Amino acid sequence: MPIVRLSEVSKSYPPSKRGAAPLVAVDTVSLDIEAGDIFGIIGYSGAGKSTLVRLINALEPVTGGTVEVDGRVISGLRERQLHDVRRGIGMIFQQFNLFNSRTVAGNVEYPLQVAGMPAAERKARVAEMLEFVGLAGKARNYPDQLSGGQKQRVGIARALATNPKILLADEATSALDPETTTEVLALLKKVNRELGITIVLITHEMEVIKAVANRVAVMDSGRVIEQGSVFDVFSDPQTDAAKRFVSTVIRAVPEREALEQLRLKHPGRIVTVSFADGGVSQSEVFLEFANHGVTFELVYGGVNEIQGRTFGHLTLALKGDRIDAALAAISRTVSVTEVR
Ligand code: ADP
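As the structure is a prediction and not an experimental result, all values here were calculated from the model.

Undergrad: For this particular structure, what's the right way to read the sheet that holds strand β13 (residues 309–319)?
TA: Strand pairing in a sheet takes place through backbone hydrogen bonds and is either antiparallel or parallel in direction. Across the sheet, which stays open at both edges, the four strands sit in the order β12-β13-β11-β14 with antiparallel pairing between neighbours. Each end of this open sheet is capped by a strand with a single partner; those strands are β12 (295–306) and β14 (335–339). Across the sheet, the mean angle from the axis of one strand to that of its neighbour is 20 degrees, orientation sign disregarded. Relative to β13, strand β11 (residues 269–276) is paired through eight bridges, and the arrangement is antiparallel. Following the sheet pairing, phenylalanine 275 is matched in β13 by glycine 312. Where helix α10 (residues 256–265) meets the sheet, its contacts fall on β11, β12 and β14, and the angle it forms with β12 comes to roughly 160 degrees. Contacts from helix α11 (residues 282–291) reach β11, β12 and β13 within the one sheet, and its direction differs from that of β13 by about 15 degrees.

What follows is the structure, encoded as structure tokens:
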């Protein structure tokens with residue numbers, strides 16, 4: 001049983017003008033998030049990611065479909081029961097959302113006070129959480145005195161203080177520099193590995209997904225247009241939007257500019273052949289070209305590793321009379337894309 005299950009979930013907002021169509025922010029989305037996943041949701045601004053998060057943490061009701069969290073259908077629950085659901089979900093934000101008038105310890109303590117935990121227990125729990133995120137020495141400092149990365153560590157300690165099963169991270173590293181992003185992502189991995197917390201990562205940065213997620217869903221105009229293991233989506237994206245996102249971190253498929261250069265040099269046919277671990281070997285593919293009297297030059301490409309598995313894309317400029325027959329034979333076993 002997945003820890004979060006969305007079945008045909010939709011959310012629309014009333015139109016801003018009378019007579020206009022309602023705004024569909026989330027459009028019949030179905031996805032399963034398994035306990036222990038680091039599940040990435042990627043999309044451009046306006047794709048519907050934040051709305052989806054508000055549906056998962058029961059801040060807003062769906063207008064269609066069902067949301068199940070930890071085995072419980074949350075649509076139709078009363079406010080009191082929704083409180084319980086929300087308590088099982090921690091949340092961190094792009095702008096950290098810390099209380100500036102409270103110390104670091106005071107921020108982490110806040111949700112424990114709300115939950116009614118006795119003072120002595122709270123103190124111990126705050127110390128434990130600050131230790132976990134590497135900020136034991138900053139307990140008495142105020143948020144203003146911290147770097148962005150440290151603020152997000154406080155955010156994580158606060159989100160996890162009440163021991164939730166799920167952590168929702170909404171663009172949690174988008175305000176941080178690359179080095180700090182790496183540190184915070186490493187901490188999220190530790191949260192997942194050592195505390196067994198399921199993490200849902202909302203981001204517009206493919207780098208973030210590549211670094212920590214095991215599964216990913218690509219959102220576009222309110223819909224999930226592609227989802228799967230990070231390896232599958234990165235090594236063989238199916239939709240144009242997913243391809244665009246993947247191309248921001250995998251420079252193995254030529255972009256327009258590189259392609260124009262290639263075209264000038266190689267007026268003939270150019271194809272990109274994609275390989276993955278456990279698939280057909282490169283030599284088998286090359287042999288097939290040779291069998292059809294097709295010669296080639298390797299003009300672009302690269303090999304990548306994700307989740308411990310390798311894949312690559314090799315772009316070849318082809319010459320010969322039987323190119324179509326060769327491509328037909330090869331495309332039975334590997335993915336071949338003609339570059340036009
Ligand atoms: P993302 O997080 O991917 O940037 P959002 O979920 O914030 O996307 O927004 C998706 C769409 O829903 C956008 O067109 C946005 O303007 C619209 N939207 C989001 N929240 C509301 C709201 N409370 N009322 C009306 N429209 C909204």
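So, next bit.
Undergrad: Just to check I follow, could you spell out unusual backbone geometry for this structure?
TA: Negative phi is the rule for most residues except glycine; trans is the rule for most peptide bonds. Of note in this structure, alanine 58 is not a glycine but carries a positive phi near 60 degrees. Locating alanine 58 in the fold gives a position in the loop between α1 (49–56) and β4 (64–69). Judged by relative accessible area, which is 6%, alanine 58 ranks as buried. A positive phi angle, near 50 degrees, is found at serine 221, a position not held by glycine. If you trace the backbone, serine 221 turns up in the loop between β9 (215–220) and β10 (223–229).

Undergrad: Help me out: how do you make sense of the domain arrangement of the protein chain in this one?
TA: Often the size quoted for an interface is simply the accessible area lost on bringing the parts together. With domains assigned, the protein chain is organised as domain 1 (4–247) and domain 2 (256–338). The centre of domain 1, based on its C-alpha atoms, is set 39 Å off from the matching centre of domain 2. Tallying the contact residues gives eight residues for domain 1 and eight residues for domain 2. Across the contact surface, domain 1 and domain 2 share zero salt bridges. The interface formed by domain 1 and domain 2 holds two residue pairs in polar contact (both at pLDDT 80 or more) in total. A total of four residues in the side of domain 1 that touches domain 2 trace back to one element, the largest contributor, which is helix α8 (residues 230–235). Each residue belonging to the side of domain 1 that touches domain 2 can be placed in one class, and the counts come to four nonpolar, two polar and two charged.

Undergrad: Any chance you could explain the side chain of asparagine 57 here in plain terms?
TA: Structurally, asparagine 57 can be placed in the loop between α1 and β4. In contact with asparagine 57, other than residues within four places in its own chain, are Arg86, Ile89, Met91 and Leu168.

Undergrad: Please clarify how the nonpolar core should be interpreted in this entry.
TA: Grouped burial of nonpolar side chains is what soluble globular proteins tend to show. If you look at the biggest cluster of nonpolar residues, it comprises 52 residues, and the most contacted ones within it are Leu130, Ile156 and Phe234. Ignoring anything within four residues of it in the chain, the contact list for isoleucine 156 reads Ile92, Val133, Val184, Leu187, Leu188 and Val191. Ranked by size, the runner-up nonpolar core spans 30 residues in total, among them Val9, Ala47, Ala58 and Ile202.

Undergrad: I'm lost on the site of the ligand in this one. Help?
TA: Around the ligand, the structure places Tyr13, Leu23, Ala25, Tyr44, Ser45, Gly46, Ala47, Gly48, Lys49, Ser50, Thr51 and Arg54. The separation between an oxygen atom of the ligand and a polar side-chain atom of lysine 49 is 2.8 Å. Between a nitrogen atom of the ligand and a side-chain N or O atom of arginine 54, the distance comes to 3.2 Å. Here the ligand, which alone exposes 560 Å², has 62% of that area covered by the protein.

Quick notes on the rules
Residues numbered from 1 in each chain as written. Predicted model: local features only at pLDDT ≥ 70, side-chain atom pairs only at ≥ 80, totals over all residues. Heavy atoms only, no water. Pairing = 2+ DSSP bridges. Helix = DSSP H or I, 4+ residues; strand = E, 2+ residues; numbered from the N terminus. Axes fitted to C-alpha atoms, helices over the stretch in contact; angles between N-to-C directions. Contact = heavy atoms within 4.5 Å. Buried < 20%, exposed > 50% of the residue type's maximum accessible area, 1.4 Å probe, protein only. Domains from an automatic or database assignment. Salt bridge = Lys/Arg side-chain N within 4 Å of Asp/Glu carboxyl O. Polar contact = N/O pair within 3.5 Å; in protein donor to acceptor, adjacent residues only side chain to side chain. Nonpolar A, V, L, I, M, F, W, Y, C, P; charged D, E, K, R; others polar. Core = buried A, V, L, I, M, F, W, Y, C linked by side-chain atoms within 4.5 Å. Near = heavy atom within 4 Å. Areas by Shrake-Rupley, 256 points an atom, 1.4 Å probe, with all protein chains shown as cover.

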